[in-house]
Amino acid sequence: MNEETQSGAAGSKMWSGRFREPLDRVFEEWQRSFPFDWRLLPQEVAASKAHARVIAAAGILSAAELTTMLGGLEEVASRAGTDRHAIVAAAPNAEDIHHFVELQLTSVIGGLALKLHTGRSRNEQIATDMRLFVRESIDDAIANLREWALALIELAESAGEAVIPSYTHLQRAEPVLVAHWLLAYVSMIERDISRLTDARKRMNLCPLGSGAVAGATLALDRTIAARELGFDGPTPNSMDATSDRDFMLDFTQALSTLGLHISRFAEEITLYSTAEFGFVDLPEAFSTGSSAMPQKKNPDFTELIRGKSARLVGAATTLSVLIKGLPLAYNKDLQEGQEQVFDAADTAAGMLQILPAFTRSLKFRFDRMRTAATTGYLNAMAAATYLSNKGVPFRKAHEIIGNAVRLGLESGRELNDLKLEELREFSIAFAEDFFAAITLEATLDCHDVVGGTARSRVAEAVATAKSRLGENK
Ligand code: ARG
């Protein structure tokens, strides 16, 4: 049997030469990555085309062979399609996606297919495929995050000057604009986008040409593949490039932080939809009933996304532990990292695909929010500020308002229901203008700093967030 037909025969291994005995059947089945790395087909084909150009430039393929090779690779991709079952069924013996493409290419263009593996190793291929996959996933995640941010901004705009209590220690603190509260999530999203953008920049180098560990054994022009695949250049060290999975870690860690943000939003909406808060009516399109209790409307979507953030944290944790203590360079352990990345990318995409529509369909009970924001002495801070503006040291002002709150509590009144004479018992700094200083509007507008909830500041924040995140970005 000549070399070509032996290693090209369907189902044979890419490494059978030195072996006499076949693999244990159960082990063979268990160790394959094809059942999950099949989804790297587009990346494997793109990287293979780039490599074909590199070896053609090095004189390994003639111009005609290169044309056949590129056409063959395209044919492999289009024949295989995108359906998981069809792809896996097309070559049930494939060990991994690299083996699959080699087998398929051999069936399309014959023995020439086996020249494609000249000057490369699966170690650099998987590193390249995963970089391409992560890069696309980052782009998708950023686009999705932008959509969600825009939905939040729309909601903020439509809330106008509606107010909600802010909480510290989950105790009512001060009134804020609903828009201000929603923009807090926009800030988190912007940091998520920045983390992903940063990770993308750092990972955008091409491992092709790194060989198995020490670099290609042919004088390859690595810039050709890098350019073809949209990378900024080739990776600088072959040992690192074949075993580096930092880009997967960066990606899943960024998604895990994003998941934490989503879980906070989910928790607030879940809480605010309870009868106890009653701030939001859950959209029926995203809620379910109870099979036992007919009156119920359950916040399934927010509960599920709160739970899904655990998977994202899990993926990042698994990758950290996988990389910890791993000697250089490629080790098969790394195969375990792929599914974490796929699962994290799918999990994030799944949530982000629903979040904008869910967000847009939220119906706030502004009346309930307003009642909650205007009772319970949430203007006490503004009242203390009034006194300090009159020259009373804030420490003292705090105590005086504390006394006024106590009187209110004892007589069942809010600060604005107290009489001026009563207040003047506590301090002669109180005057008629006190009542204007503790209205809801004044309570909001006294926070007139960048990042504060004064109405003009929030209007400006909504406008600038919109222009930062707008369509044309
Ligand atoms: N399926 C393998 C992985 O995911 C591809 C690289 C295999 N390399 C090797 N030397 N066996 O890591």
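Before going into details, it helps to say that this report is about the structure given with it.

Overview of the overall build of the protein chain
Piece 1. The helix and strand tally for the protein chain stands at 21 helices and 4 strands.
Piece 2. Computed over C-alpha atoms, the radius of gyration of the protein chain comes to 31 Å, more than 25% over the 23 Å expected from 2.2 N^0.38 for 473 residues, which places it beyond the range of a compact globule.
Piece 3. Once the C-alpha set of the protein chain is aligned to its principal axes, its extents read approximately 110 × 55 × 40 Å.
Piece 4. Within the span of the protein chain, comprising 473 residues, buried residues form 48% of the whole.
Piece 5. Taking the average place of the 50 positive charges on the side chains of the protein chain and the average place of its 62 negative ones, the gap between the two points comes to 1 Å.

Here's the deal with a nonpolar patch on the surface
Piece 1. There is a patch of nonpolar side chains on the surface, built from Leu23, Phe27 and Trp30 and spanning about 350 Å² of accessible area.
Piece 2. Exposure remark for Trp30: the relative accessible area of 69% places this residue in the exposed category.

Looking at the pairing of strand β1 (residues 163–168)
Piece 1. Two elements, β1 and strand β2 (residues 171–177), share 5 bridges in a ladder whose sense is antiparallel. Counted as the bridge partner of Ile164 is Val176 from β2.
Piece 2. The hairpin turn running from β1 into β2, its antiparallel successor, is 2 residues long, and His169 in that turn takes a positive phi close to 60 degrees.

Quick notes on helix α16 (residues 380–389)
Piece 1. The complete set of buried residues in α16 reads Ala380, Ala382, Ala383, Ala384, Tyr386 and Leu387.
Piece 2. Tucked inside the fold, the buried residues of α16 contact α17 (394–411), α19 (434–437) and α20 (440–445).
Piece 3. Following α16 by one or two positions, Gly391 has its phi on the positive side, about 100 degrees.

Brief notes about the side chain of Ser263
Piece 1. With respect to the helices and strands, Ser263 occurs in helix α12 (residues 246–272).
Piece 2. The class of Ser263 is buried, set by a relative accessible area of 15%.
Piece 3. A polar contact is formed between the side chain of Ser263 and the backbone oxygen of Leu260, at a distance of 2.7 Å.
Piece 4. Sequence-distant contacts of Ser263, defined by excluding residues within four places in its chain, comprise Arg306 and Ser309.

Scoring rules and cut-offs
- Residues numbered from 1 in each chain as written.
- Predicted model: local features only at pLDDT ≥ 70, side-chain atom pairs only at ≥ 80, totals over all residues.
- Heavy atoms only, no water.
- Helix = DSSP H or I, 4+ residues; strand = E, 2+ residues; numbered from the N terminus.
- Rg over C-alpha atoms; globule rule 2.2 N^0.38 Å.
- Buried < 20%, exposed > 50% of the residue type's maximum accessible area, 1.4 Å probe, protein only.
- Lys, Arg positive; Asp, Glu negative; His and termini not counted.
- Charge placed at Lys NZ, Arg CZ, Asp CG, Glu CD.
- Patch = residues over 30% accessible without salt bridge, like charges linked within 9 Å, V, L, I, M, F, W, Y side chains within 5 Å.
- Areas by Shrake-Rupley, 256 points an atom, 1.4 Å probe, with all protein chains shown as cover.
- Salt bridge = Lys/Arg side-chain N within 4 Å of Asp/Glu carboxyl O.
- Pairing = 2+ DSSP bridges.
- Contact = heavy atoms within 4.5 Å.
- Polar contact = N/O pair within 3.5 Å; in protein donor to acceptor, adjacent residues only side chain to side chain.

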